[in-house]
Amino acid sequence: MILTQEEEAMLRGDEGEAAKLAMEILVKVGEKFGAKRLVLVASAHIVLAMYKSIFDAGVEVCEKFAAMGARFRVPTTLDPSGMDTQKWREFKTPDAYAEKQLRVAKAYEQMGAIMSWTCLPHFTGSAPRFGEHVGWTESSAVAFINSVLGARSNRETAVLDVCIGITGRTPEYGLHLQENRYGKALVKMEIGGRMLQTWEYPVLGYFLGKTLGSEIGVVEGLVGSPKMDELKSMLAAAAATGPLAMVHLVGITPEARTRAEAFGPNHLERTVTVTEETLKTTRAEMCTVKSAKIDLVALGCPHYSIAEIQNVIKLLAGRKVAANTELWIYTTKQVRDLADRMGIMAELLGLGGKIATETCMLISPVETWGFKTLMTDSGKCSYYAPVQCKTDVIFGSAAECVEAAVNGRVVAPQQAKSRLPGDPEGGRA
Ligand code: F3S
């Protein structure tokens, strides 16, 4: 790899032991992927953050970098913590587990991280601009910034993400290069020219991830103007069920104003069709049981926005969560503070719901609480929950999830509709 003078100096150790080690790792990875050089990044985002998935070895890596005097050279944000950062005792987090998570937090504080603890740094003040190179992990965020914002990042990996933050650089290969950003497969929406409903976005994402894998698809025929929350949910599911890092959404992705622009010089290699049957079959795959008593309704993967929390309050319509069921919403600290200021937090608590902050159902020790069946409106959560939370899972719209929370069991969609005539999502199953 060709390195600049500054990079050579880091590699020699002129800028400290931590920068030297980080540079050595980046160069090795760059060589493995055939990168000719490193590219400067505007920011880094780190998944080496939650104890549940980094284990003791991950804690030691963070502490080792901190002890070596590492400081982040570019704004570096953190993925969610392995527990609610403030109310971890209330969420029954085991002490030994919490102690490890707190050590991770301390190490990153020392290194100058932005203690964001969210998978949505792009929704909380750290959004990259069009064409900007960044070095992010967190598959859902990478898929979003490539596909919706037109920023450039590969799906970086844990440890490498720390090295990127320390050096402000990443190997230039994959999606950092224009020639690798063009589409190869056409995905045609053939659902009678109708708009997708909110709950169908994660279903479509689930299908796209499974079907496209790492191949860049070009989705044509999305009708209307999807909300940011819908795209967020769709791309998180797509990046969960496959190694997808970018998909062109014609008319939405800045590099895909037209189908021709999305494909660029590439030839169309294959065409995939999405029909009503595709959506129906995929939705069925997202559930491990057909109908059941629900122990936990978990919303907020990716972290819920204030609008999504408002929707839950509206759907609850003053009704309480059933006695043997929990309704937990995961979100950022900013959104929780907003919910607090708006009185939504108190209202939700009064109805038996809870808001967990800066963590989520998949990376906190949910499996220790003995839940058997979890219901969610998240495609990503429905994919991972059986393994990560050790539960059966049922996917449903936000309206169906709220009905399940109130009734303690899955309610037939028609019933949900009749109970909530004014709800924009009610009964859309
Ligand atoms: Fe975010 Fe946790 Fe889902 S990190 S995307 S809420 S798995």
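Scroll up a little and you will see the structure.
These lines cover the structure that appears in this document, whether it is placed above or below. (Residues numbered from 1 in each chain as written. Predicted model: local features only at pLDDT ≥ 70, side-chain atom pairs only at ≥ 80, totals over all residues. Heavy atoms only, no water.)

Some points on the overall build of the chain
- Helix and strand counts for the chain stand at 16 helices and 14 strands.
- The C-alpha extent of the chain, read off along each of the three principal axes, is 70 × 55 × 35 Å.
- Across the 429 residues in the chain, those meeting the buried criterion constitute 59%.
- Considering only contacts in the chain between residues 6 or more positions apart, those separated by 24 or more positions represent 77%.
- As displayed, the chain has an accessible area near 16900 Å², and 54% of this comes from carbon and sulfur atoms.
- Across the chain, the mean location of the 48 positive side-chain charges is 3 Å away from that of the 49 negative side-chain charges. (Helix = DSSP H or I, 4+ residues; strand = E, 2+ residues; numbered from the N terminus. Buried < 20%, exposed > 50% of the residue type's maximum accessible area, 1.4 Å probe, protein only. Contact = heavy atoms within 4.5 Å. Areas by Shrake-Rupley, 256 points an atom, 1.4 Å probe, with all protein chains shown as cover. Lys, Arg positive; Asp, Glu negative; His and termini not counted. Charge placed at Lys NZ, Arg CZ, Asp CG, Glu CD.)

Here's the deal with the packing of aromatic side chains
- With the rule as written, the count across this model stands at 10 aromatic pairs.
- Ring geometry for F33 versus Y173: centroids 4.4 Å apart, planes at 5 degrees, classification stacked. Of this pair, F33 sits in the loop between α2 (17–32) and β1 (38–40) while Y173 is found in the loop between β5 (169–171) and β6 (185–189), placing the two residues 140 residues apart along the sequence.
- Judged by its relative accessible area of 43%, F33 is partly exposed.
- Accessibility expressed as a relative area gives 14% for Y173, which makes it buried.
- Consider the rings of Y383 and Y384, whose centres lie 5.1 Å apart with planes at 75 degrees: the pair is edge-to-face.
- Its relative accessible area of 35% is what places Y383 among the partly exposed residues.
- A connected cluster of aromatic rings, assembled from ring pairs, spans F91, W328, W369 and F371.
- Over the ring of F33 we find K32; its NZ or CZ atom is 5.2 Å from the centre of that ring.
- Above the plane of the ring of F91 lies K354, whose end atom (NZ or CZ) is 5.5 Å from the centre. (Phe/Tyr/Trp six-rings, centres within 6.5 Å; stacked < 30°, edge-to-face > 60°. Lys NZ or Arg CZ within 6 Å of the ring centre and 35° of its normal.)

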